Amino acid sequence: MIREVLRMGDSRLLAVSRKVETFASPELLALIEDMRDTMAHLDGAGLAAPQIGVLQRVVIFGVSVNPRYPDAEDVPETVLINPVIETLGKELEEGWEGCLSVPGLRGLVPRFLRLRYRGMDQFGATIDRSVEGFHARVVQHECDHLDGILYPMRMTDMSKLGFTDVLFPGRQDSED
Ligand code: NI
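All figures in this text were calculated on a predicted structure; none of them were measured in a lab.

Focus: the pattern of salt bridges
Across all of its chains, the model carries 13 salt bridges by this definition. Residue R114 is joined to E91 by a salt bridge in which the shortest nitrogen-to-oxygen separation is 3.2 Å. Here R114, found in strand β6 (residues 114–120), pairs with E91, found in the loop between β3 (75–87) and β4 (92–97); they are 23 residues apart in sequence, far enough to count as distant. R114 sits in the partly exposed class, given a relative accessible area of 33%. Judged by its relative accessible area of 46%, E91 is partly exposed. Here E132 and R114 are joined by a salt bridge, their closest N and O atoms 3.3 Å apart. Pair noted here: E132 is in strand β7 (residues 126–132) and R114 is in strand β6, with a separation of 18 residues, a long-range link. What emerges from the salt-bridge pattern is a single network uniting E97, R111, R137, D144 and R154.

In structure tokens:
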């Protein structure tokens, strides 16, 4: 079921979400199905449960030739629960980000270039990956949602926040 995505200004987006304790439950599987439906409907690269008002540490992401991110590398379709991020090195990289909770805008955000992330999938199987670049960016963006952090809060130069169609005229993006 496609759910309403909360927009910046809603206090639920600033909350710290709770860990998932029970895996493979009907409730968890239904949540993930709703998140997938919602992300696909809005053509997003990722979605965190708090964005649909569920304050649990669940994110999904995945990119394969997404018109919103025409230059992005492929990122495998992933369900990541109770994630733990360990940065690998201190190197930062700036990149443009959007967010389904901040429709119509893009901002330039510094993120760690490389990281290791661990967590579980919806059935409780372990995920443990070391990644870099866009994949690492997506993970940092989505996991930030679980701690109530939206990408503008990570920006260091607010002159690099703008409307997508003004920043990137002619690009065939969706409206957000
Ligand atoms: Ni987001």
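With respect to the coordination of the nickel ion
Of the protein atoms, only C99 (SG), H141 (NE2) and H145 (NE2) coordinate the nickel ion, at distances of 2.1 to 2.3 Å. Sequence positions of the residues that donate to the nickel ion give the spacing C-x41-H-x3-H. Placement of the pair is C99 in the loop between β4 and β5 (105–112) and H145 in helix α2 (residues 133–145), with a sequence separation of 46 residues. For C99, a relative accessible area of 3% corresponds to the buried category. The exposure class assigned to H145 is buried, which follows from its relative accessible area of 2%.

Cut-offs and rules
- Residues numbered from 1 in each chain as written.
- Predicted model: local features only at pLDDT ≥ 70, side-chain atom pairs only at ≥ 80, totals over all residues.
- Heavy atoms only, no water.
- Salt bridge = Lys/Arg side-chain N within 4 Å of Asp/Glu carboxyl O.
- Helix = DSSP H or I, 4+ residues; strand = E, 2+ residues; numbered from the N terminus.
- Buried < 20%, exposed > 50% of the residue type's maximum accessible area, 1.4 Å probe, protein only.
- Donors = N, O, S within 2.8 Å, 3.2 Å for Na, K, Ca; no water.

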